[in-house]
Structures are given as structure tokens and as C-alpha cells.
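# Structure at a glance
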Amino acid sequence: MLIISFIVIALISYLLGSLNFGVILSNKIEKDDVRNHGSGNAGTTNMLRNYGKGVAVLTIIGDMLKVFVAIFIALQIIAYTPMLLSEIESSPLDLIDRDMFIKSFAGFFCVLGHIFPCYFKFKGGKGVATSGGMVFAIDWRIALILLAVFIIIVAVTRYVSLGSIIMALLYPVLIFAFHKSIVLTIIAAIFTMIVVVAHKGNIKKLINHTENKIEFKSKKKDSA
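Being a predicted model, the structure only gives us computed values, none of them experimental. (Residues numbered from 1 in each chain as written. Predicted model: local features only at pLDDT ≥ 70, side-chain atom pairs only at ≥ 80, totals over all residues. Heavy atoms only, no water.)

## As for unusual backbone geometry
Unusually for a residue other than glycine, K180 sits at a positive phi of about 50°. In this structure, K180 sits in the loop between helix 9 (160-179) and helix 10 (182-198). In this model, H209 sits at a positive phi of 60°, which is unusual for a non-glycine residue. With respect to the secondary-structure elements, H209 resides in the segment after helix 11 (200-207). (Helix = DSSP H or I, 4+ residues; strand = E, 2+ residues; numbered from the N terminus.)

See the structure below:
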């Protein structure tokens, strides 16, 4: 029963994650596909650069809300699976925060869906907003710290990618600092790897000083 429950959670979370709001909103509102412009990424930053603040805000809200829904459903599945608690009573999971593990598990597959959406030919965003929603669901203290770091870095450098990468690197460090759990830290490190790999192109541009800086104003769409 435990395995079946987690398979169902993984599937539902992945399918919800695949609802990439950058693609959905650019299609519905702009009659366009954001992936055909700018960086080719279906994320908040590219939405901002091509369509303006309003659509970008809707994108980040949608991409964060879907992970909250995935986590809520995962917790409900656990709550309505009475056998699950007895099954994990003597397992390694008994040594960690079960809710945090379940939230991380659901969040992981939701982020995978966002980056590789089955509805949109497996070409999505970089998972930053979705990961951020997961972190808020797991521990709001860590989320606020990471958000503050992100804002400071972007305000100083104007590099959204740099802020995202540093947030990702700090996440497992803060998980260990607050919760002292090796298992949860390893899970957090996996998220870090996913986000960093998704930003490999940005890392090369940062090293070569060719990364685009964010501008907080609307820009006309282009295919650059």
C-alpha cells in the first residue's frame, strides 16, 4: 500500500507540474508561445521580458499554486491511507518529519513536470517558481530567507539566473541548519542539482559575461 500511494502521488504531482503556466498564458492571452522568444524558456523571467509584468505575475502565481495543490493532494492521500502509518512506523521514514518528506516527494515530481511537461513536448521552465512554492509549503522561514537573498542579488546584479542559482545552493544548507536531517538534506540537494542543471546555459553566459540583465519594464516581443 505504501508503494502504491507514492506512485499515485508521483503521477498526480508530475501531471500537475506539467501545467506550465508560461506556455498556457502565452497561448491563451497573447496567442503566442513564449518559448519562441528570448531565452526560449517558459518561465517568469522570459514572460516578463516578452509580455510585461501582468502576465509574468500570473505565471509565477500559477506555477507556485500548482505545487501547493500537488502537496495538498499528497497529504490527503496519506491521510486517507490508514495502513500507511503502521507500515512506515518501523521504517527509516519514522526518523524524519513525514509531512516534510511527503511535501518534498510531491514537490520533486511537480518540479520535474514543470521542467519536462508532458503536455508541451517536454519543454518547460527551469522550476524556480515551482520549487519556491514547495519551499514555502515545507518551511516558510527558509523560504523567506531564500526570497530575501534572491531579491538582494537581483537588485544588486540584475541577474535573475544568479539569484536563482544561489537560492538553490543555499537550500540544502538551510534545510540541514533548521532540521538536522541527513535524509531531508539529501532530498534538498537533489533539488539543487535539478535547478543548477536547468540553468547550465545561464551559468555559461554568466562566466562569459553575456547573460542578459533583467529590466523591470515591458519589452516588445522579439525572436532574439
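From this point on, the discussion continues.
## Thoughts on the packing of aromatic side chains
Scanning the model with the defined rule gives seven aromatic pairs in all. Arranged with centres 4.9 Å apart and planes meeting at 75°, the rings of F6 and F105 form a pair that is edge-to-face. Of the two residues, F6 is situated in helix 1 (residues 2-17) and F105 in helix 6 (residues 98-115); the sequence distance between them amounts to 99 residues. The exposure class assigned to F6 is buried, which follows from its relative accessible area of 13%. Geometrically, the ring pair formed by F108 and F191 is edge-to-face, given 5.8 Å between the ring centres and 85° between the ring planes. Note that F108 is positioned in helix 6 and F191 in helix 10, a separation of 83 residues in sequence. Each member of the aromatic cluster is reached from another via a ring pair, and the members are F6, F101, F105, F108, F109 and F191. (Phe/Tyr/Trp six-rings, centres within 6.5 Å; stacked < 30°, edge-to-face > 60°. Buried < 20%, exposed > 50% of the residue type's maximum accessible area, 1.4 Å probe, protein only.)

## With respect to the pattern of salt bridges
Enumeration according to the criterion identifies three salt bridges in this entry. Close ionic contact of R35 with D33 constitutes a salt bridge, the shortest N to O distance being 2.8 Å. Owing to a relative accessible area of 15%, D33 belongs among the buried residues under this scheme. Here R141 makes a salt bridge to D139, at a shortest N to O gap of 2.7 Å. (Salt bridge = Lys/Arg side-chain N within 4 Å of Asp/Glu carboxyl O.)

## With respect to the packing of helix 1 against helix 6
In contact at an axis separation of 6 Å, helix 1 and helix 6 are set at 40° when each is read in the N-to-C sense. Looking at the two axes, helix 1 sits oblique to helix 6. For helix 1 against helix 6, the interelement crossing comes out right-handed. Across the interface between the two elements, F6, I9, A10, S13, Y14, L16 and G17 from helix 1 touch F101, I102, F105, A106, F109, C110, L112, G113 and H114 from helix 6. (Axes fitted to C-alpha atoms, helices over the stretch in contact; angles between N-to-C directions. Parallel < 35°, antiparallel > 145°, perpendicular 65-115°, else oblique. Left-handed = near helix turned anticlockwise from the far one by under 90°. Contact = heavy atoms within 4.5 Å.)

## A closer look at the side chain of S181
Considering the arrangement of structural elements, one finds S181 in the loop between helix 9 and helix 10. Looking at S181, the relative accessible area reads 9%, which means it is buried. Within polar-contact distance, the side chain of S181 engages the backbone nitrogen of L184 at 3.2 Å. (Polar contact = N/O pair within 3.5 Å; in protein donor to acceptor, adjacent residues only side chain to side chain.)

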